[in-house]
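What the coordinates show
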Amino acid sequence: MLEGTLSVYAFIIIFPLAVVGGIIFIIRMIIRKTNWCENNESLEGKTIIVTGGSFGVGRALAVELARRGARVVVPCRTKARRDSTAFFLRKRTGSFNLRVMFMDLNSLDTVWEFAKEFVDTEDRLDAIINNAAALCETRDWTADGFDAMMGVNYVGHFLLTILLLDKLSKCPDGPARVINVVCGSCKKGNLANLLNLEGQRDGSYSFRHHYHNSKLAQYIFTKELSRRFRSVGIVAFAVNPGLVSSGLYKSLTGISGQLIQICAKVLYRTPEEGIQTILHCLLAKGIEPNSGALFRDCRMQDINIPKWDDQVAKELWENTCRLIKQKGISITLKENDDEE
């Protein structure tokens, strides 16, 4: 009798746990299902900038590129992070063809100085991978007065890229490539807010809403960059790496923040899985006609939404240039610039 009762209790406890475990396993398999980049091309002799290369997806990408022989340049915003990143990358890859430089996407002055130093000291530039991202749970601003997420995720990368366009256009093994790492939820972004990059007119703050907006801006920037510069040998791609366990979520607090961090560790893709589509867009031959498109799982995604037309992309580009100039920052590597 006692054994039967224990068996019933065991079943009552174990069966639900097994069901929950099975559900979690299935969800994990769906989220982490990855199409791997099968291109084993060497990158010997190429120079590639990777922002956000000190942790997560960016660090995994920097390791892979260095192993393939590329000269990898990683901007970092503190001396401690620069030193630790250089040590980690050299130890992990055995390569000393790495350069870690100072740049803080929170400050456009440092972006300009980074670009100037890079152009003055590096022989070539084959690709820029704009991977760094900020996720701010509470309202914050950059040193230049932009909404923190919009400033770091979009405006800083915009300035970095346009300052280096001349260097990219002279790439001897063109076309040069610009890859902007976005997210699937960029489709939830609000176009009206893209003309309010400083965020000063916003009412209530939602970090998810502002994050979506910043990633939508990056995607639209990708389209306009392609339209303007494909003819001079620069192609651009937006990449959705999927849900990846990275340091992006570490700033989230409270119960919901802790839950997101746990889900990321248990369910999301590893950084090594997350870099596969980035590698595809960097290495694949024959995708150049799809410049300006969004890729996920090493395939182009259809994201043709009429309201995100060329006119919107043009207005966003011009508005961003205007705001940067208003902050006293030149959009070329000349000290005085009046060019739009």
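What comes next is a walk through the structure. If you're wondering where the values come from, they're calculated on a predicted model, not measured in any experiment.

Moving on, we get to helix α4 (residues 108–121). If you check α4, its first and last C-alpha atoms are 20 Å apart, about what 14 residues at 1.5 Å a residue would give, namely 20 Å. Listed in full, the buried residues belonging to α4 are L108, T110, V111, W112, F114, A115 and F118. If you follow the buried residues of α4, they end up packed against β1 (47–50), β2 (71–76), β3 (98–102), α5 (148–163), α6 (165–169) and α11 (310–326).

In this section: the sheet that holds strand β8 (residues 299–301). Within a beta sheet, neighbouring strands are joined by backbone hydrogen bonds and run either parallel or antiparallel to one another. Judged by pairing direction, the sheet is mixed, and its eight strands sit side by side in the order β3-β2-β1-β4-β5-β6-β7-β8 without closing on themselves. Two strands lie at the open edges of the sheet, namely β3 and β8, each paired on one side alone. Going across the sheet, the axis of each strand differs from the next one's by a mean of 25°, ignoring polarity. Bridging between strand β4 (residues 127–130) and strand β5 (residues 176–181) involves four bridges; their strand directions are parallel.

Right, let's talk about unusual backbone geometry for a bit. With glycine set apart, most residues show a phi of negative sign, and most peptide bonds adopt trans. Note that the residue after G174, namely P175, is joined by a cis bond; omega there is 5°. Note that P175 resides in the loop between α6 and β5. In the Ramachandran plot, D297 falls in the positive-phi region, its phi being about 50° despite a non-glycine side chain. Structurally, the position occupied by D297 is in the loop between β7 (294–296) and β8. For C298, which is not glycine, the phi torsion reads 60° and is therefore positive. Summarising the element assignment, C298 is placed in the loop between β7 and β8. By relative accessible area, which is 15% here, C298 ends up buried.

Membership of the largest hydrophobic core comes to 65 residues, with the highest contact counts inside it found for Y154, L159 and Y219. Element by element, the count of residues in this core is highest for α5, at 11 residues. Setting aside its immediate chain neighbours within four residues, L159 contacts L108, V111, I324, I329, S330 and I331. In this structure, A70, V100, I275 and A284 belong to the second largest nonpolar core, which totals 38 residues.

Centre distance and the angle of the planes are the two values used to describe a pair of aromatic rings. If you walk through the whole model with that rule in mind, you get nine aromatic pairs. Ring geometry for F158 versus F221: centroids 5.1 Å apart, planes at 55°, classification tilted. With F158 in helix α5 and F221 in helix α7 (residues 207–229), this residue pair connects regions lying 63 residues apart in the sequence. As far as the burial class goes, F158 and F221 line up, both buried. Plain terms: the ring middles of F229 and W317 are 6.1 Å apart, the flat faces sit at 35° to each other, and that makes the pair tilted. Of this pair, F229 sits in helix α7 while W317 is found in helix α11, placing the two residues 88 residues apart along the sequence. Take F229: its relative accessible area is 22%, and that puts it in the partly exposed class.

Okay, the pairing of β1 next. On a regular strand, one side chain projects to one face of the sheet and the next to the other, so that they alternate. Judged by which residues are buried, β1 turns out to be covered on both faces: T47 and I49 on one side and I48 and V50 on the other are all buried. For β1 and β2, the ladder comprises three bridges, and the chain directions are parallel. If you follow I49 over to β2, its bridge partner there is V73. At this point the chain moves from β1, through helix α2 (residues 56–67), to the parallel β2, and the crossover so formed is right-handed. Two elements, β1 and β4, share three bridges in a ladder whose sense is parallel. Note on β4: the bridge partner recorded for V50 is I129.

With that settled, the discussion passes to the side chain of D126. Checked against the element boundaries, D126 lands in the loop between α4 and β4. Given the relative accessible area of 6%, D126 is considered buried. A distance of 2.8 Å separates a polar side-chain atom of D126 from the backbone nitrogen of T47. When neighbours within four sequence positions are excluded, D126 is seen to be in contact with G45, K46, T47, L168, C171, A176 and R177.

Thresholds applied
Residues numbered from 1 in each chain as written. Predicted model: local features only at pLDDT ≥ 70, side-chain atom pairs only at ≥ 80, totals over all residues. Heavy atoms only, no water. Helix = DSSP H or I, 4+ residues; strand = E, 2+ residues; numbered from the N terminus. Expected span 1.5 Å × (residues − 1). Buried < 20%, exposed > 50% of the residue type's maximum accessible area, 1.4 Å probe, protein only. Contact = heavy atoms within 4.5 Å. Pairing = 2+ DSSP bridges. Axes fitted to C-alpha atoms, helices over the stretch in contact; angles between N-to-C directions. Core = buried A, V, L, I, M, F, W, Y, C linked by side-chain atoms within 4.5 Å. Phe/Tyr/Trp six-rings, centres within 6.5 Å; stacked < 30°, edge-to-face > 60°. Right-handed = clockwise from strand over helix to strand, strands pointing away. Polar contact = N/O pair within 3.5 Å; in protein donor to acceptor, adjacent residues only side chain to side chain.

Purely geometric stuff here, so don't read any function into it on its own.
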